[in-house]
Amino acid sequence: MRARLIASDDVIKIVDVLRRDHEVMAPFYGRGRDTYFDTVTDENRDRIQLHIPNPYYPPKRYVLPHIEQMFRIRKADGSYEVQSTYDEKKRAIFGIRSCDVAGIHHLDRFYLGRDFKDPYYARRRAHLFLVNVVCTDPQVDINDECYCLCTDTGPAAKAHFDLQLMDIGHGEYLAVAGSAAGESLFDQPFFRKATPEHVERRRKILSEVRHNFKATTGWFSATVRYISQEKVLEKTWAEIGSRCLECGGCTYVCPACTCFTVTDRPTGPNEFERVRLWDACALYGFTRMAGGHNPRKAVHDRRNRRFFRKLAHYFIQRELSMACVGCGRCAEVCHGDVGMPSTIEMIRRATTEYLAHESNAR
Amino acid sequence: MNPTPADNIYLPKLARLERVVDEIDEVRTFFWRFLDPADQKAFEGFKPGQFAQVSIFGAGEFPASLPPSPTEKEVFFTVRRVGRATEALHQLQPGDVFGVRGPYGNGFPMEQYAGRNLVFVAGGIGLIPLRSCIVYALAHREKFGKIQIFYGAKTPKELLYRPLLHEWEKAGGFECHLTVDRADNGWQGHTGVVGSLFRKPGVTVPTENTTAFVCGPPVMFRFVIKDLLEMGFKDTDIVSTLERYMKCGVGKCGHCCIGVAYVCMDGPVFTYRQIKKLGEDI
Ligand SMILES: Cc1cc2nc3c(=O)[nH]c(=O)nc-3n(C[C@H](O)[C@H](O)[C@H](O)COP(=O)(O)OP(=O)(O)OC[C@H]3O[C@@H](n4cnc5c(N)ncnc54)[C@H](O)[C@@H]3O)c2cc1C
Ligand code: SF4
Ligand code: SF4
Ligand code: FES
């Protein structure tokens, strides 16, 4: 492990170094519990938080913006000029949680994998530097709904970051490099050599932190199996669906949701832009076709869709990773209590009853 | 990880509208060519059953089947006016420029059907994607056994490509059976749903070594599938194209996802066996 030691008071200096050639995003407190990622400036630099509840609005937007311009279209001389507009800005996300690192890795596989590569995503991603901060404080880092333990994505990311920082107490952080770019930061004078004792402290803290999760939905893999084997009854899906208010909130906060829609809009006389924006299978119009036919009308069909897509084996094999990273955001924002953890719980209960009933009947 | 701008999978290539033919109410055929001959050449390798994404700048983009066969010299779309983008296409005049990208989708594996009988069953504008296969089959007539077309629409006025159907039939080589739900004064032909044509006196539909192509609105699809299965067709010998709301055409936007498949990438052509497994309403 390429690890170094850094004093808590020096951690922010990493942001300063990165700011020389990156736009750096970091988590801040808003009002109350509200937290958000924002661009670091000279003014807010001192308010960056190392321990903080994970912001609801996911950092996914730095690789897949909520609204993104794809083309500028100009009408001229009876023809058109279509120009792709790419964002090539170098960005760093400081303080990204492990679940969100896994989310970005999932997006990598989805947008850059298989036959077609998404050119907008590819550019943003190629210019992104990730500084993961491990969740260690049970009071602030870890929410009631966090269940990265079950999805095996946290509380410490195992890969796909450039640099990882973990609070190991005594005013010290252990830094681990995950890429060559991350390792090159170790040239900075504020990093010191770590000893095996530090690495051992890291291991110990991590194993303690694992006991601090409240929402431990240990049924995750069983639920994946139930859904894939079609053991979930229609009745159960309907029950889940009837609690959904169709606000789309769960997908907007989800770091692993990928769907978008595309639209053209005027930007001036004879000028248009083609933009894409987040869309969600939970919304009524998502599958509506011209002519009014909607093959997926019932709300539980759409709910079903979201969980099926995230958890069915087939999708996991196809996209090479699960479309849920255990951040618990959907559970936090859902007014109908059909976030991922409680849905898993409902499916598990219903399926256990059903299986018990089946074996009695035999 | 760093594609060049040429690799932008969403980038429409510019095309010019050459001529427009009125088909039936609200439906027109649009003949076009890419401005860049290299684009045209690259596109011409398309397969029957594939589709393209059509951009009307400022109004949006939509998927449209490729009704021409690759054996024909022209490319065109036949499009019904239903909403914003299709309406905008209908507004274009010859000479106007719009965008096309593709071809996309799997298409019908026509080589696999060599030596077999082909039964085409279409309803309404479902004939558009099948046109490509029919023309392809006729261009390679010697490769196939018996070829039959069963085509129905609500009224005689809504039968698409009628002059073509007559022309092809006269040229010989296949049977063509038409029907309408409601006849008007001039209609001498059959009335009834498409499936009723299978039982018309004098009609024999082979079921052995036969592939049935079914395209049409959801209700028609359900009834025809039932008829074909009762006649003895295997679910692997019935093929269809599925229609879904599509935004990207390349497996990224998620709109066309049905069951475990993406219609834009794994389809739009599926066998009935596959469709059954997708487990969603058609
Ligand atoms: C693979 C594939 C191939 C296709 N091939 C063809 C083809 O060859 N030819 C073809 O014509 N279409 C084809 N379609 C369908 C075509 O893509 C849609 O008709 C088109 O996307 C509509 O786009 P729009 O922007 O005009 O409509 P939008 O504005 O996006 O939507 C129209 C919506 O407005 C409403 N609406 C407006 N007018 C009407 C109306 N008259 N009746 C009912 N509802 C209305 C409906 O709610 C409808 O959903 C194909 C679709 C797919 C997926
Ligand atoms: S489904 Fe819910 S818990 Fe899973 S990644 Fe998305 S928001 Fe987080
Ligand atoms: S889900 Fe895990 S990694 Fe994400 S914020 Fe909660 S504790 Fe941290
Ligand atoms: S059309 Fe976008 S995924 Fe199929």
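Residues numbered from 1 in each chain as written. Chains lettered and ligands numbered in written order. Predicted model: local features only at pLDDT ≥ 70, side-chain atom pairs only at ≥ 80, totals over all residues. Heavy atoms only, no water.

## Section: the overall build of chain B
When helices and strands are tallied, chain B shows 7 helices and 15 strands. The globule rule puts the C-alpha radius of gyration for 282 residues at 19 Å, and the 19 Å found for chain B is close to it. For chain B, the spread of C-alpha atoms along the principal axes amounts to about 60 × 40 × 35 Å. Relative to its 282 residues, chain B shows a buried fraction of 57%. Of the contacts made within chain B by residues no fewer than 6 positions apart, 67% connect residues no fewer than 24 positions apart. Counting every atom, chain B has about 11600 Å² of accessible surface; 50% of that belongs to carbon and sulfur. Of the charged side chains in chain B, 33 are positive and 31 negative; the average position of the first set lies 2 Å away from that of the second. (Helix = DSSP H or I, 4+ residues; strand = E, 2+ residues; numbered from the N terminus. Rg over C-alpha atoms; globule rule 2.2 N^0.38 Å. Buried < 20%, exposed > 50% of the residue type's maximum accessible area, 1.4 Å probe, protein only. Contact = heavy atoms within 4.5 Å. Areas by Shrake-Rupley, 256 points an atom, 1.4 Å probe, with all protein chains shown as cover. Lys, Arg positive; Asp, Glu negative; His and termini not counted. Charge placed at Lys NZ, Arg CZ, Asp CG, Glu CD.)

## Observations regarding the pattern of salt bridges
Residues and elements named next belong to chain A. Taken as a whole, this structure holds 40 salt bridges over all chains when the rule is applied. The salt bridge involving R45 is made with D46; its shortest N-O contact spans 2.6 Å. Put simply, D152 and K158 hold a salt bridge, and the shortest N to O gap is 3.0 Å. A relative accessible area of 52% means that D152 is categorised as exposed. Bridged by salt links that share partners, the residues E23, E68, D87, K89, R91, D118, R124 and R276 form one connected network. (Salt bridge = Lys/Arg side-chain N within 4 Å of Asp/Glu carboxyl O.)

## Notes on unusual backbone geometry
The omega angle of the peptide bond from G154 of chain A to P155 of chain A is 0°, so this bond is cis rather than trans. Checked against the element boundaries, P155 of chain A lands in the loop between helix 4 (148-151) and strand 8 (163-167). With an omega of 5°, the peptide bond between G267 of chain B and P268 of chain B qualifies as cis. Position of P268 of chain B among the secondary structure elements: in the loop between helix 6 (263-266) and strand 15 (269-271). Backbone geometry at D77 of chain A places phi at a positive 50°, although glycine is not the residue there. Looking at where D77 of chain A falls in the secondary structure, it is placed in the loop between strand 4 (67-76) and strand 5 (79-84). Not every positive phi belongs to a glycine, and E26 of chain B is a case in point at roughly 70°.

## Comments concerning the site of ligand 2
Close to ligand 2 lie Y147, C254, P255, R306, K310, C324, V325, G326, C327, G328, C330 and M340 of chain A, which account for all nearby residues. Counted by class, the shell around ligand 2 contains 8 nonpolar, 2 polar and 2 charged residues. (Near = heavy atom within 4 Å. Nonpolar A, V, L, I, M, F, W, Y, C, P; charged D, E, K, R; others polar.)

## Section: the interface of chain B and chain A
Listed by partner, the interface residues are 45 residues for chain B and 51 residues for chain A. Buried surface at the junction of chain B and chain A, summed over both partners, amounts to about 4000 Å²; 58% is from carbon and sulfur atoms. E61 of chain B serves as the salt-bridge partner of R274 of chain A, at 3.5 Å between the closest nitrogen and oxygen. At the boundary of chain B and chain A, one finds 14 residue pairs in polar contact (both at pLDDT 80 or more). When contributions to the side of chain B that touches chain A are tallied by element, the ones reaching two or more residues are strand 3 (51-56), strand 4 (60-65), strand 6 (97-104), strand 13 (257-258) and helix 6 of chain B. For the side of chain B that touches chain A, the residue count by class is 26 nonpolar, 10 polar and 9 charged. (Buried area = accessible area lost by both parts, 1.4 Å probe. Polar contact = N/O pair within 3.5 Å; in protein donor to acceptor, adjacent residues only side chain to side chain.)

## Concerning the pairing of strand 4 of chain A
Residues and elements named next belong to chain A. Two elements, strand 4 and strand 12 (residues 271-278), share 7 bridges in a ladder whose sense is antiparallel. Bridge pairing in strand 12 places I67 opposite L277. The antiparallel hairpin formed by strand 4 and strand 5 contains 2 residues in its connecting segment, where D77 sits at a positive phi of about 50°. (Pairing = 2+ DSSP bridges.)

## Some points on the sheet that holds strand 12 (residues 238-241) of chain B
Residues and elements named next belong to chain B. An order of 10-9-8-7-11-12-15 is seen for the 7 strands of this open sheet, with the pairing classed as mixed. Every other strand in the sheet has two partners, leaving strand 10 (190-191) and strand 15 as the edge strands with one partner each. On the sheet, helix 3 (residues 127-139) packs against strand 7 (117-123), strand 8 (147-153), strand 11 (210-215) and strand 12 and is oriented at approximately 155° with respect to strand 7. Across the sheet, helix 5 (residues 218-231) touches strand 7, strand 11 and strand 12, and the angle it forms with strand 11 is around 165°. (Axes fitted to C-alpha atoms, helices over the stretch in contact; angles between N-to-C directions.)

## A look at helix 2 (residues 84-91) of chain B
All of the buried residues in helix 2 of chain B are A85, T86, A88, L89 and H90 of chain B. Buried residues belonging to helix 2 of chain B abut strand 2 (27-34), strand 3, strand 4 and strand 5 (75-80) of chain B.

## Brief notes about the packing of aromatic side chains
Residues and elements named next belong to chain A. Under the defined criterion, the tally for this structure stands at 25 aromatic pairs over all chains. Plain terms: the ring middles of Y111 and Y121 are 5.2 Å apart, the flat faces sit at 25° to each other, and that makes the pair stacked. One end of the pair, Y111, is in helix 2 (residues 98-112); the other, Y121, is in helix 3 (residues 119-126), and 10 residues separate them in sequence. By the burial criterion, Y111 is buried, and Y121 matches it. (Phe/Tyr/Trp six-rings, centres within 6.5 Å; stacked < 30°, edge-to-face > 60°.)

## Some details on the packing of helix 2 of chain A against helix 3 of chain A
All names here are of chain A. Helix 3 packs onto helix 2 with a crossing angle of 140° between their chain directions and a minimal axis gap of 9 Å. With respect to each other, helix 2 and helix 3 are oriented oblique. As for the relative orientation of helix 2 and helix 3, their crossing is left-handed in sense. Counting all contacts with helix 2, which are made through I104, L107, D108, Y111 and L112, the residues of helix 3 involved are Y121, A122 and R125. Within the contact of helix 2 with helix 3, the residues separate by chemical class into 6 nonpolar, no polar and 2 charged. (Parallel < 35°, antiparallel > 145°, perpendicular 65-115°, else oblique. Left-handed = near helix turned anticlockwise from the far one by under 90°.)

## Observations regarding the nonpolar core
Counting residues in each nonpolar core, the largest one holds 94 residues, and the members touching the most others are I93, F220 and M340 of chain A together with Y10, V121 and F150 of chain B. Looking at which element gives the most residues to this core, the answer is helix 2 of chain A, with 6 residues. Those residues in contact with F220 of chain A that sit more than four places away from it in its chain are Y147, C150, T151, L311, M322, C324, M340 and I344 of chain A. Listed in part, the 35 residues of the second largest apolar core include L130, F144, Y151 and F213 of chain B. (Core = buried A, V, L, I, M, F, W, Y, C linked by side-chain atoms within 4.5 Å.)

## Some words on the sheet that holds strand 3 of chain B
All names here are of chain B. In space, the 6 strands of this open sheet follow the order 4-3-6-1-2-5, with antiparallel pairing throughout. If you trace the sheet from one side to the other, it starts and ends with strand 4 and strand 5, each paired once. Strand-to-strand twist of the sheet, defined as the mean angle between neighbouring strand axes without regard to direction, takes the value 40°. Strand direction decides the pairing type here: strand 3 and strand 6, joined by 4 bridges, are antiparallel. Residue pairing across strands places S55 opposite G99, the latter belonging to strand 6.

## Some details on the confidence of the model for chain B
All names here are of chain B. Here chain B averages 91 in pLDDT, while 96% of its residues score no lower than 70. Per-residue pLDDT stays below 50 along residues 1-5; that stretch engages in 12 contacts with residues further than four places along the chain or on separate chains. Quick note on the complex model: pTM equals 0.91, ipTM equals 0.89. (pLDDT = per-residue confidence, 0-100.)

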